[in-house]
Amino acid sequence: MAEGAGLRLTIDLAALAANWRTLAGLVAPAECAAVVKADAYGIGIEQAIPALWNAGCRTFFVALPEEGRRVRAAAPQGNVYVLSAYLPGAAHLCRQHGLRPVLNSLADVEFWAAQGGGAPSALHVDTGMNRLGLSLHDSIELARRPKLLAAAAPALLMSHLACTEESANPLNRAQLALLSEIAAELPKMTLSLANSAGIFLERAFACDLARPGIALYGGMRQGAASALQVAVTLHARVIQVRDAAAGETVGYGAAERLKQDSRLATLSAGYADGYLRQAGSSYKREGAKAWIRGHAVPVVGRVSMDLTVIDVTGIPGVVAGDWAELFGPNLSVEAVAAASGTISYELLAGLSRRAERIYVGAPRT
Ligand SMILES: *Cc1c(COP(=O)(O)O)cnc(C)c1O
């Protein structure tokens, strides 16, 4: 496969483990969990879990029961929370695999309790997202129903921050205050609020248990998070180098017209690989950059399903068979996402199933 591969995804499990340790150090004495939904943000649940477990992580969050089942298989002793299950469909799977459902409404609490509770669960209260979680009104009603609470046996009380990327946004503090007020009405539980960016707000946001996702995978490394390491690198193979004259166009829609005689390299990567179509350029807007032979170079024209063209004019020695970095140590996934009109989350979560995957830095077993 390696000889024929057009795309290579290198996943550094030692960097993943180091990032978890860094975050765990920041939130201590609170516990640090790992959010591993969407196949651990694209990098692979089966590989990520042993690395995280070895680093000391014991609590994991996924979106769906099927993801939870895979985490359970990789971490038989871990605490596995399922964030967004449709509970009537998922409750039996949670029981079967020892997963902890996150109860997102009063109806969820009643359903879980009516099914006999038994296994631990989490209670999610909404403090400003209006997405999932009990409203303030329902939280107070639940506080008045101790039997129901006892039957549902929540071990964790959580909420989710809406605006952590903006550290000064007043909604952050308002959400923390509201969660604290709701917690005061309920029996004592482990309290959880912060996602990755929440960890970098004031210490109080870490509560008892932090839930980082993106920071573990190296998708958030700016400013205060600069100690975090690159965990995912995407390389595409140059499969052809060609010369084109000034005035000629490149790719579908003839969206980009060359201003000078140019040398172009065609890469074996496209939107079918999760390299976003919006990474392309046109005469109206710049696109993303790639990195080849020590230089950052622009993507030219539209990204196609399997191919992307970069401009290597003036860069000596580029030949078919070279590998160009699409993101990694030289081009941050955040910058490439921004140039593609999105965020690192979307780029990582959509990572290619077609790429050759190379895992480095796995813990010794
Ligand atoms: C995805 C998710 C997280 C992790 O968020 P990051 O910004 O990736 O750290 C935490 N909590 C909940 C409820 C989530 O859905």
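Residues numbered from 1 in each chain as written. Predicted model: local features only at pLDDT ≥ 70, side-chain atom pairs only at ≥ 80, totals over all residues. Heavy atoms only, no water.

Draft legend 1. Local environment of the packing of aromatic side chains. Within the structure shown, the criterion is met by three aromatic pairs. With a centroid separation of 4.7 Å and an interplanar angle of 20°, the aromatic rings of Tyr 41 and Tyr 217 are classed as stacked. Of this pair, Tyr 41 sits in helix α2 (residues 37-41) while Tyr 217 is found in the loop between β10 (209-210) and β11 (232-244), placing the two residues 176 residues apart along the sequence. Residues Tyr 41 and Tyr 345 carry aromatic rings whose centres are separated by 6.2 Å and whose planes lie at 40° to one another, so their mutual orientation is tilted. A residue pair is termed long-range when its members are at least 10 positions apart, and Tyr 41 in helix α2 and Tyr 345 in helix α12 (residues 344-349) qualify at 304 residues. Here Tyr 345 falls in the partly exposed class, since its relative accessible area comes to 27%. The ring of Trp 53 carries Arg 58 above its face, with NZ or CZ at 3.7 Å from the centroid. Its guanidinium or amino end placed over the ring of Trp 112, Arg 95 lies 4.1 Å from that ring's centre, counting from NZ or CZ. (Phe/Tyr/Trp six-rings, centres within 6.5 Å; stacked < 30°, edge-to-face > 60°. Helix = DSSP H or I, 4+ residues; strand = E, 2+ residues; numbered from the N terminus. Buried < 20%, exposed > 50% of the residue type's maximum accessible area, 1.4 Å probe, protein only. Lys NZ or Arg CZ within 6 Å of the ring centre and 35° of its normal.)

Draft legend 2. View of the site of the ligand. Lining the immediate surroundings of the ligand are 14 residues, of which Lys 37, Tyr 41, Ser 196, Gly 213 and Tyr 345 lie closest. With respect to the ligand, the side chain of Arg 211 contributes an N or O atom lying 3.0 Å from a nitrogen atom. Contact distances for the ligand include 2.8 Å between an oxygen atom and a backbone N or O atom of Ile 214. Starting from 380 Å² of accessible surface for the ligand in isolation, the protein chains cover 93%. (Near = heavy atom within 4 Å. Polar contact = N/O pair within 3.5 Å; in protein donor to acceptor, adjacent residues only side chain to side chain. Areas by Shrake-Rupley, 256 points an atom, 1.4 Å probe, with all protein chains shown as cover.)

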